[in-house]
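# Summary of the model geometry
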Amino acid sequence: MFANRFLLSLTALALCLPAIAGVNIQNWETPQGTRVYFVENHDIPMLDVAVDFPAGSRFDTPEMSGLAALTHGMLDQGAGGMSDIVIAQRLADVGASLSGLFDRERAGASLRTLSSVRERDAALDVLVTVLQKPEFPQSIIQRERARMIAALREAESRPGDVAEKAFYQELYGNHGYGLPETGTIPTLSKLKRSDLQNWYRNYYRAGDAIISMMGDMTRAEAEQLALRISSGLPQGRATSSYKPTLEAKYPLPQEKRIAHSSTQSHVLLGQVAMARKDPDYFALYVGNHVLGGSGFNSRILDEVRQKRGFAYSAYSYFFPLVEPGPFVIGLQTKVSQTNDALNVARETVSKFVTEGPSSAELKQAKDNLIGGFPLRIDSNSEILGYLRAIGFYQLPLTYLDDWTKNVDAVTLDQIRDAFRRRVNPEKMSLVIVGGDAR
Amino acid sequence: MKIPMRFNPALLLAILAAPAFSAVTDVTLDNGLRVIVKEDHRAPVAVSQLWYKAGSMDEFNGTTGVAHVLEHMMFQGTEKVPEGQFSKLIAAAGGKENAFTNRDETVYFQQLQKDRLPIAFGLEADRMANLQLKDESFAKEIQVVMEERRMRTEDNPQSILYEQLMSVAFQEHPYRRPIIGWMNDLESLKAQDARDWYARWYAPNNATLVVAGDVNPQEVIALAKKEFGSLARKALPVRKPQDEPEQRGVKRINVKAPAKLPYLLMAFHAPTLRDPEKDVAPWAFMILAGVLNGNDSARLNKVLVKEKRIAVDVGAGYDGMSRGPGMFFLEGTPAQGKSVAELERSLKSEIARIQKEGVSEKELNRVKAQVIAGDVFQRDSIFYQAMQLGEIATIGLPLDLLDKRLDKLKAVTSEQVREAAKLLKEDNLAIATLDPQPIKGEPGKSTLEGVGNVR
């Protein structure tokens, strides 16, 4: 029988150790205080270099919301005597691509280039210049601001975007995480060139920068490049007016319904939950894998979609940040069945918090996470992503080496205990976008 | 009909084709299943993709969307692997799995540690022949698909516009119908429609199995024979060409939907790659798309967004690798104070410039540099490598296309790009403009500001 054969082969797999290729992360600090993370690998003649700063939207003020994003977006729009067009042409001439990373915490840039000397050096020149000598030309600011405003307006037609924005505001209020990542139309409209210049000088500093590099380069070359980047940035560390918020200061749970012409309601439910370096991290992460983090394997999708056909997607996740990030449960369903779907999601979470996972569910989650670990590090781009996270959140260098051990060590009791302490189904904020606001 | 899952040693001898070219092995089993293996030993993982040559273009009016609905139903259980177990078994093996449906094909894939491929093959072979398709599963899953359509199409103004434009741009060819299906067809679809679809198209001789990763091709082929080899081939229906008749003049539609910004999408009929050696225009069209839109300094972005500021976003794209007819697209969102009509004129004048003057050597080299680099960068993803092979195989193009592509693109001249641009004629064009309608619940001001006031 097929089913038997299957079980046998799984048992056999469980006995042999997975052939995980380790990731050897080299780490050092430049004299300017920039932390550097490097993985040398010559399999493919290409190189990825990323430079990140704690300069995301959380550092904005409500009055100047969008300043962090606009400054970041302007870095490659004129620098070191090169116009926006020249910058784009120089990269294109050597087939390189420069990408931005911008979120609530981070502002950064990453370059992917061929590692052959001519292409690599030309591309790195551009990267170094846009990081060190952005010019913020007045007329380009006008253009890019107008494009950001257009994007904000367009986002209003998308119920999912409207919901997410409202959800973060509900959870965090005027705390930095509550501000919209790319600002608002009125605040963007007020920003001046000098605001951007000051922002850049204060937040893009060598002492805060994290450089991550992956690929076809020697250690000596990597050291030289890191030094070159670091020494030409504004020196020192940022002075931030930013004050961390005590847990008690977050807004009280709210419920908000926003009318929209959409045929579906987008539902977001959740609360402020955990920081990246939280001692409960692995218990909550593995627990959530069972609750709503593993698609068809998770309870929420099973209850909402598989059993009832209420939604195409339904999920939960923790989004750990430097300070406590949110725990989010989300789904979309046709407007008329919003309350039914929401009730199912609520009941599923409550039951999970009360009872925790079964031992079979925990085993399934661990098998999936541990068995799937090699897939997480099977490409340069994925390893680069880990380097950037390890660097930014100051995770241990052994983070990837220890990952499967940490997952494996999580117990049923730890998950139950962590969820009971950290997730309170009675105190969740709710946003529903779609239908009439009732 | 159920096919017994027994091992048939006779099939061991049934290799019809020898390896085609470097590092890609390409064989067809006795029962018609084509197996393509691409070695990549960077990480101890593998991806398995099963490509069925059955997409929305093979559907009929009244049952549009059935290819995609069947894709959903493929996870709803067989006798041996009950509903919900497929995903659980792959997950327990540390794998990721999913599926997608396109105009040309339906694809099921798993990503796993390399030694766990047998699990994926066993499950795929089982559901190729033994799907149960129960009425109650169907009744629930069709609701999920309708929610998916609401999410992807109904509530996305640009998706509505694309769907409506395609239904006008093509008069006869089935590319006129949306992959996810019309809502009314979904509402009246029955489990029997899905059963008929499954019976018609799900057979080893209508599928290609692509494996990429840290594997030994001979072992993969032996495993494929073991798991799939006993499945019987089917007589496949004749596929009618449904060639698109010549368009006689521009087609133009206006689409009203709740939205904030206008939007313009232009679709020209364009040639499709059929003979990689002899064809010229498709390669020239690929370069043309690169010159217009391949990078931040490409013409459309440079002129219309950066310099003239007529648009906040522009794009161009060429869809010339497909089973059906090809298409060349131009799109854009006008800047505040500019109209879609101005944007349309500007996009057309960029095409006219190339029709008249061709493109510069610098621009050509820039696009070629990106093609060369892209060829290296793509090696970072085994999934993408498998995707390319599966697509080419399903279309019916030779696999060595991937080796020759670089040289073909490098050889394209400015004059050939100019000739390609000349094929973008007004008479060959369908245009849709999005006419934004108010979004409910905003009394004269934006939702965004409304939410902002809550603080």
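Another point: the overall build of chain A. For chain A, the helix and strand inventory stands at 17 helices and 13 strands. Counting all 438 residues of chain A, 53% fall into the buried class. Excluding contacts between residues fewer than 6 apart, the proportion of contacts in chain A whose partners are at least 24 apart in sequence is 80%.

Here we come to the overall build of chain B. Across its full length, chain B holds 16 helices and 11 strands. Relative to the globule expectation of 23 Å for 455 residues, the C-alpha radius of gyration of chain B, 24 Å, shows essentially globular dimensions. Principal-axis analysis of the C-alpha atoms places the extent of chain B at approximately 70 × 55 × 50 Å. For chain B, the residues scored as buried account for 53% of the 455 residues in total.

Residue and element names in this part refer to chain A. Between its first and last C-alpha, helix H15 (residues 380-392) extends 18 Å over 13 residues, near the 18 Å set by a 1.5 Å rise per residue. Within the sequence span of H15, burial applies to Asn380, Ile383, Leu384, Tyr386, Leu387, Arg388, Ile390, Gly391 and Phe392. Each element contacted by the buried residues of H15 is listed here: strand S2 (35-40), strand S3 (46-53), strand S8 (210-215) and helix H16 (399-409). Positioned one or two residues after H15, glutamine 394 has a phi angle of 50°, which is positive.

A separate point is the packing of helix H1 (residues 66-73) of chain B against helix H7 (residues 191-201) of chain B. Residue and element names in this part refer to chain B. One way to put it is that H1 packs onto H7 with a least axis distance of 9 Å and a crossing angle of 90°. In terms of orientation, H1 lies roughly perpendicular with respect to H7. Here H1 contributes Val66, Ala67, Val69, Leu70 and Met73 to the contact with H7, which in turn contributes Asp193, Ala194, Trp197 and Tyr198. The residue makeup of the contact of H1 with H7, split by class, is 8 nonpolar, no polar and 1 charged.

Take helix H13 (residues 359-371) of chain A next. Look at H13(A): 18 Å from first C-alpha to last across 13 residues, which is about the 18 Å you get at 1.5 Å a residue. Its buried side turned inward, H13(A) meets helix H10 (281-293), helix H14 (373-376) and H16 of chain A together with helix H2 (85-92) and strand S5 (106-113) of chain B.

So, on to the confidence of the model for chain A. Residues of chain A with pLDDT of at least 70 account for 94%, and the chain-wide mean is 93. Between residues 1-20 of chain A, whose pLDDT stays under 50, and residues either more than four places distant or in other chains, the model counts 20 contacts.

Once that is clear, we can look at the sheet that holds strand S12 (residues 325-334) of chain A. Residues and elements named next belong to chain A. Spatially, 5 strands are ordered S9-S13-S10-S12-S11 in an open sheet, and the strand pairing comes out mixed. Single-partner strands in this sheet number two, and they are strand S9 (255-258) and strand S11 (314-318). With direction set aside, neighbouring strand axes in the sheet form an average angle of 10°. Bridge count for S11 against S12 is 5 bridges, and the pairing is antiparallel. Looking across to S12, one finds that serine 316 is bridged to isoleucine 329.

Turning our attention to the nonpolar core. Grouped together as the largest cluster of nonpolar side chains are 133 residues, with contacts concentrated most on Leu127(A), Leu288(B) and Val417(B). Take this core: its biggest share by element is 9 residues, from helix H9 (residues 281-293) of chain B. Leave out the neighbours within four places in its chain, and Val417(B) touches Ala284(B), Ile287(B), Leu288(B), Val291(B), Ile354(B), Gly358(B), Val359(B) and Val412(B). Val145(B), Tyr202(B), Ala207(B) and Leu223(B) belong to the second-largest nonpolar core, a separate cluster that totals 128 residues.

Residues and elements named next belong to chain B. Strand order in the open sheet made by the 5 strands is S7-S11-S8-S10-S9, with mixed pairing throughout. Lying at the two open borders of the sheet, with one neighbouring strand each, are strand S7 (251-258) and strand S9 (311-319). Taking each pair of neighbouring strands and ignoring which way they run, the sheet shows an average axis angle of 15°. Note: strand S8 (residues 263-270) against strand S10 (residues 326-334), 7 bridges, orientation antiparallel. Bridge pairing links histidine 269 to methionine 327 in S10. H9 rests against S8, S9 and S10 of the sheet, and its axis sits at about 170° to S9.

How each quantity is defined
- Residues numbered from 1 in each chain as written.
- Chains lettered and ligands numbered in written order.
- Predicted model: local features only at pLDDT ≥ 70, side-chain atom pairs only at ≥ 80, totals over all residues.
- Helix = DSSP H or I, 4+ residues; strand = E, 2+ residues; numbered from the N terminus.
- Buried ≥ 20, exposed ≤ 12 C-beta atoms within 10 Å, placed from the backbone.
- Contact = placed C-beta atoms within 7 Å.
- Rg over C-alpha atoms; globule rule 2.2 N^0.38 Å.
- Expected span 1.5 Å × (residues − 1).
- Axes fitted to C-alpha atoms, helices over the stretch in contact; angles between N-to-C directions.
- Parallel < 35°, antiparallel > 145°, perpendicular 65-115°, else oblique.
- Nonpolar A, V, L, I, M, F, W, Y, C, P; charged D, E, K, R; others polar.
- pLDDT = per-residue confidence, 0-100.
- Pairing = 2+ DSSP bridges.
- Core = buried A, V, L, I, M, F, W, Y, C linked by C-beta atoms within 7 Å.

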